[in-house]
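Commentary on secondary and tertiary structure
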Amino acid sequence: MTRIILGLVFAWFGYHELADPRLWTGYVPVVPATSTASVVLVLVHGAVLFVLSVALVVGIAPRAAGAIGALLMVEIVISLGVSGINDIVVRDVGVLGLAVAVAVGQSRGVLLR
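Residues numbered from 1 in each chain as written. Predicted model: local features only at pLDDT ≥ 70, side-chain atom pairs only at ≥ 80, totals over all residues. Heavy atoms only, no water.

1. So, the overall build of the chain
Summing up its helical and strand segments, the chain has four helices and zero strands in all. Secondary structure elements of the chain, listed N to C terminal, follow the sequence α-α-α-α. Rg of the C-alpha trace for the chain: 14 Å, near the compact-globule value of 13 Å for 113 residues, within the 12% margin. Projected onto its principal axes, the C-alpha positions of the chain cover 40 × 25 × 15 Å. For the chain, the proportion of its 113 residues judged to be buried stands at 38%. For the chain, long-range pairs separated by at least 24 residues make up 64% of all intrachain contacts whose partners lie at least 6 apart in sequence. (Helix = DSSP H or I, 4+ residues; strand = E, 2+ residues; numbered from the N terminus. Rg over C-alpha atoms; globule rule 2.2 N^0.38 Å. Buried < 20%, exposed > 50% of the residue type's maximum accessible area, 1.4 Å probe, protein only. Contact = heavy atoms within 4.5 Å.)

Okay, structure coming up:
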């Protein structure tokens, strides 16, 4: 059940990053928010999140998907956390914990265990 919940969280964020990437460009570190590069990076990030969500919900290599998701969440927590702790950082630390739990937990995937 944990992997499905994580998959749904990743699907929500992935979908929204793909549907309207300009809303998310302010979170891209180093690159100006108004640049084309920031839009492309958000689209790539959204696509990765969406692929991970499918893998998690369907059960394809869930531990690997959880580990990759945990790495993405570490990147997000660090990039957001440098400006201070706020409710978004705390939420993302929780999602990071969920991803770590999936990565180290017992695999209940259907393929590529």
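2. Notes on helix 1 (residues 2-19)
Along its 18 residues, helix 1 runs 26 Å from first to last C-alpha, staying within 8% of the 26 Å computed at 1.5 Å per residue. Within helix 1, burial applies to Arg3, Leu6, Gly7, Phe10, Ala11, Phe13, Gly14 and Glu17. Contacts made by the buried residues of helix 1 are with helix 2 (36-58), helix 3 (62-81) and helix 4 (87-104). (Expected span 1.5 Å × (residues − 1).)

3. Concerning the nonpolar core
Ranked by internal contacts, the top residues of the largest apolar core, which has 22 residues, are Leu6, Phe10, Leu56 and Met73. Contributions of two or more residues to this core are made by helix 1, helix 2, helix 3 and helix 4. Other than its neighbours up to four places away in sequence, Phe10 contacts Leu49, Leu52, Ser53, Leu56, Gly69, Met73 and Val95. (Core = buried A, V, L, I, M, F, W, Y, C linked by side-chain atoms within 4.5 Å.)

4. With respect to the packing of helix 1 against helix 4
It is at 9 Å that the axes of helix 1 and helix 4 come closest, and there the two elements cross at 135°. Classified by the angle between their axes, helix 1 and helix 4 sit oblique to one another. Relative to helix 4, helix 1 is oriented so that their crossing is left-handed. Residue-level inspection shows Thr2, Arg3, Ile5, Leu6, Val9, Phe10 and Phe13 of helix 1 in contact with helix 4, the latter providing Arg91, Val95, Leu98, Ala99 and Val102. Of the residues belonging to the contact of helix 1 with helix 4, the class tally is nine nonpolar, one polar and two charged. (Axes fitted to C-alpha atoms, helices over the stretch in contact; angles between N-to-C directions. Parallel < 35°, antiparallel > 145°, perpendicular 65-115°, else oblique. Left-handed = near helix turned anticlockwise from the far one by under 90°. Nonpolar A, V, L, I, M, F, W, Y, C, P; charged D, E, K, R; others polar.)

5. Some remarks on the packing of helix 2 against helix 3
Their axes nearest at 9 Å, the elements helix 2 and helix 3 cross at an angle of 150°. The two elements helix 2 and helix 3 cross, and the hand of that crossing is left-handed. Between helix 2, through His45, Val48, Leu49, Leu52, Ala55 and Leu56, and helix 3, the contact on the second element is made entirely by Pro62, Ala65, Gly66, Ile68, Gly69, Leu72, Glu75 and Ile76. Its residues placed into classes, the contact of helix 2 with helix 3 shows ten nonpolar, three polar and one charged.

6. Here we look at the layout of surface pockets
The space that makes up the largest pocket amounts to roughly 420 Å³. Lining the largest pocket are 21 residues, and of these Glu17, Trp24, Tyr27, His45 and Ile76 sit closest to its centre. Those elements giving two or more residues to the lining of the largest pocket turn out to be helix 1, helix 2, helix 3 and helix 4. In terms of residues, the lining of the largest pocket owes the most to one element, helix 3, which gives five residues. Class assignment for the residues of the lining of the largest pocket results in 15 nonpolar, two polar and four charged. (1 Å grid on protein atoms, 1.4 Å probe; cavity = no way out; pocket = protein on both sides within 12 Å on 5 of 7 lines; lining within 4 Å. Points joined across faces, edges and corners; volume = space filled by probe spheres on them.)

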